[in-house]
Amino acid sequence: MEASTIGIFDSGYGGLTVFRSIADKLPDYNYIYLGDNARSPYGDHAFDTIYKYTLECVEWLFAKGCHLVILACNTASAKALRTIQQRDLPAKYPDRRVLGVIRPTAEVIGGYTSTKQVGVMGTRGTVNSQSYLLEINKFFPDIQVFQQSCPMWVPLIENNEHLEPGADFFIEEYCSALLQQSADIDCVLLACTHYPLLMPKLKRVFPDHINILTQGEIVAERLLDYLERHPEIAEKLVKQKERHFYTSGDPAVFDEHASVFFGETLKSDKM
Ligand code: DGL
């Protein structure tokens, strides 16, 4: 049987917040993380572009020996996952699997709201795709979803300006725009893997009764469940605790910024 690794893909650094939770929950597996930093952010790109970039990166991870790839990026999950799953995998890679972060989140979100009014904050790409509206509706048709795109947040975070006072304007602007859509929102999903880094400020801006939800633990929990239900994938995966990090950008720059997202220093290589 061909030995295999779990691939984790993001447009850049954000997926490291998801990888952190996956590595904590499933520490024994071998992992390859790929950040497409040279072409990020993805948030404002057209559908075709995001699909093309994501497929290229997934195929690169396949060539590195990954049979299972997690798109730890909402924008890529929203814009590219369905086409990859429905067209590319059956045609070219029938024994490989690619999973995203939207469905696992939609499956459990009902447990985090009492008012059944949920806010979703994401990139323009994620919000415009309507993916969360559609997916949440499948599992919880009684939940009303209010979306807010936050195009300035990823640039602020990538430039390490997010905790500076100058960031407050854009944080308050998007949060109040979301709350203006409904006074009964009691759960706000951070539907971009970068946004957990804003948590200290978001906790100050949102009223205490609002549950601010990040995806890392949810995705890690659902991955564990997936591997239990799919032994044909799980039994191929090597458990030697190896982790490799690759970036399409400059590895020195990646290493400098990555620790803020991953919570420990790391050493990357060029893709
Ligand atoms: N972190 C990515 C997401 O979850 C978006 C960042 C980007 O725009 O590239 O949507």
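How each quantity is defined
- Residues numbered from 1 in each chain as written.
- Predicted model: local features only at pLDDT ≥ 70, side-chain atom pairs only at ≥ 80, totals over all residues.
- Heavy atoms only, no water.
- UniProt positions renumbered as here; feature names shortened; annotations may be inferred.
- Helix = DSSP H or I, 4+ residues; strand = E, 2+ residues; numbered from the N terminus.
- Contact = heavy atoms within 4.5 Å.
- Buried < 20%, exposed > 50% of the residue type's maximum accessible area, 1.4 Å probe, protein only.
- Near = heavy atom within 4 Å.
- Polar contact = N/O pair within 3.5 Å; in protein donor to acceptor, adjacent residues only side chain to side chain.
- Areas by Shrake-Rupley, 256 points an atom, 1.4 Å probe, with all protein chains shown as cover.
- Nonpolar A, V, L, I, M, F, W, Y, C, P; charged D, E, K, R; others polar.

For the protein, an unreviewed UniProt entry supplies the name Glutamate racemase and the organism Pedobacter terrae. Its UniProt record gives the protein the following Catalytic activity (unreviewed entry) comment, quoted word for word: "L-glutamate = D-glutamate". In its Sequence similarities (unreviewed entry) section, UniProt records this for the protein: "Belongs to the aspartate/glutamate racemases family."

*Asks:* Can you walk me through the UniProt feature "active site" (unreviewed entry) in the protein in this structure?
*Replies:* Per the UniProt record, "active site" (unreviewed entry) is annotated on Cys73 and Cys192. In terms of the greatest pairwise C-alpha distance, the residues named above, spread along 120 residues, form a tight cluster of at most 6.8 Å across. Tracing the backbone shows Cys73 in the loop between strand S3 (66-71) and helix H3 (74-79). Apart from residues no more than four positions distant in its own chain, Cys73 is found in contact with Phe9, Asp10, Ser11, Val101 and Thr193. Mapped onto the elements of the fold, Cys192 is located in the loop between strand S7 (187-190) and helix H10 (199-205). On the basis of relative accessibility, which here comes to 6%, the residue Cys192 falls in the buried class. Excluding residues within four positions of it along the chain, Cys192 makes contact with Asn74, Met121, Gly122, Thr123, Val154 and Gln215.

*Asks:* Whenever I open this one, the site of the ligand confuses me. Can you help?
*Replies:* Close to the ligand lie 13 residues; Ser11, Tyr42, Gly43, Thr75 and Thr193 are nearest. Within the backbone of Asn74, a nitrogen or oxygen atom sits 2.9 Å from an oxygen atom of the ligand. Within the side chain of Thr193, a nitrogen or oxygen atom sits 2.8 Å from a nitrogen atom of the ligand. Protein burial of the ligand: of its 300 Å² of free accessible surface, 99% is covered by the chains. Class assignment for the residues of the shell around the ligand results in five nonpolar, seven polar and one charged.

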